[in-house]
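Examining the three-dimensional arrangement
So the chains spell out like this:
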Amino acid sequence: MRIVLDTNCLIQSIAPRGRYYEVWLSFVDGKNTLCVSNEIIMEYLEILQRLTDHDTAETVIKTIINSPFVEFVTPYYAFELIVQDPDDNKFVDCAIAAGARFIVSNDHHYDVLKGIDYPPIEVIKLEDFLPIVRNL
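This brings us to the overall build of the chain. Regarding its fold elements, the chain presents 6 helices and 5 strands. If you list the helices and strands of the chain from N to C, you get β-α-α-β-α-α-β-α-β-β-α. Over its C-alpha atoms the chain spans a radius of gyration of 14 Å, differing by no more than 12% from the 14 Å that the globule rule assigns to 136 residues. Projecting the C-alpha coordinates of the chain onto the three principal axes gives extents of approximately 40 × 30 × 25 Å. Burial analysis of the chain (136 residues in total) assigns 43% to the buried set. Relative to all contacts within the chain whose residues are 6 or more apart in sequence, the contacts with residues 24 or more apart total 65%. For the chain, the computed accessible surface area is about 7400 Å², with 51% contributed by carbon and sulfur atoms.

For the rest of this paragraph, the subject is the pattern of salt bridges. Evaluation of the coordinates by the stated rule reveals 8 salt bridges. Arg 2 serves as the salt-bridge partner of Glu 71, at 2.8 Å between the closest nitrogen and oxygen. One end of the pair, Glu 71, is in strand β3 (residues 70-72); the other, Arg 2, is in strand β1 (residues 2-5), with 69 residues separating them in the sequence. Accessibility expressed as a relative area gives 27% for Glu 71, which makes it partly exposed. Assessed through its relative accessible area of 29%, Arg 2 is described here as partly exposed.

Let's shift gears to helix α4 (residues 54-66). Taking 1.5 Å as the rise per residue, α4 with 13 residues should run 18 Å; its terminal C-alpha atoms sit 18 Å apart, in good agreement. Buried within α4 we find Ala 57, Val 60, Ile 61 and Ile 64. An end-on view of α4 places all buried positions within 95 degrees of arc, on one side of the element. Away from its buried face, by an angle of more than 90 degrees, α4 presents the exposed residues Asp 55 and Asn 66. Where α4 is buried, its residues meet α1 (7-13), α2 (21-28), β2 (33-36), α3 (38-51) and β3. The N-cap of α4, judged by a side-chain oxygen 3.1 Å from the amide nitrogen of Asp 55 a few residues on, is Asp 53.

Taken in spatial order, the 5 strands make up an open sheet running β3-β2-β1-β4-β5, and their pairing is parallel. Since the sheet does not close on itself, it has two edges, and those belong to β3 and β5 (123-124), each with one partner. Across 3 bridges, the pairing between β1 and strand β4 (residues 102-104) is parallel. Within β4, the residue paired with Val 4 across the bridge is Ile 103.

Once that is clear, we can look at unusual backbone geometry. Within the chain, Glu 80 stands out as a residue other than glycine whose phi angle is a positive 50 degrees. Take Glu 80: it is sitting in the loop between β3 and α5 (89-98). Glu 80 gets classed as exposed once you look at its relative accessible area, which sits at 59%.

In this section: the side chain of Asp 88. When you line up the elements, Asp 88 lands in the loop between β3 and α5. Within the buried set, Asp 88 has no salt-bridge partner at all; the shortest N-O distance to an opposite charge, 6.3 Å, is to Lys 90. Once residues within four sequence positions are removed from consideration, Asp 88 is found in contact with Ile 82, Asp 107, His 109 and Tyr 110.

Another point: the pairing of β1. Across 2 bridges, the pairing between β1 and β2 is parallel. The residue of β2 that forms the bridge with Ile 3 is Leu 34.

What counts and how
- Residues numbered from 1 in each chain as written.
- Predicted model: local features only at pLDDT ≥ 70, side-chain atom pairs only at ≥ 80, totals over all residues.
- Heavy atoms only, no water.
- Helix = DSSP H or I, 4+ residues; strand = E, 2+ residues; numbered from the N terminus.
- Rg over C-alpha atoms; globule rule 2.2 N^0.38 Å.
- Buried < 20%, exposed > 50% of the residue type's maximum accessible area, 1.4 Å probe, protein only.
- Contact = heavy atoms within 4.5 Å.
- Areas by Shrake-Rupley, 256 points an atom, 1.4 Å probe, with all protein chains shown as cover.
- Salt bridge = Lys/Arg side-chain N within 4 Å of Asp/Glu carboxyl O.
- Expected span 1.5 Å × (residues − 1).
- Arc of directions from axis to C-beta.
- Polar contact = N/O pair within 3.5 Å; in protein donor to acceptor, adjacent residues only side chain to side chain.
- Pairing = 2+ DSSP bridges.
- Lys, Arg positive; Asp, Glu negative; His and termini not counted.

Have a look at this one:
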């Protein structure tokens, strides 16, 4: 399954003793394909460096970049569907370009996508995505 993971959910999923670690493992083990763009990688790095130590940030980014279960996507069109927080549009554009099944995010700014028929984008909260991962 192709997934775009918002930064807030990435942060929650990388801790080995954390509740959502299975989500991270689903990308590392190849149960899911993590779809990212260069913009997303840059945001991941920026936030990881702010919230963790340098080694953790570097390890997570290297794992993503070198994984055969990560697909790098270049969105060629900016849909600009999220007006409240335009920075979130990078995840939407990546999901559309990748044909991702879900954007996994706990951010309420993505709620606006529920009222948009095209392009179809399904946003799922991390809590709701966890049972899907467990059933793969």
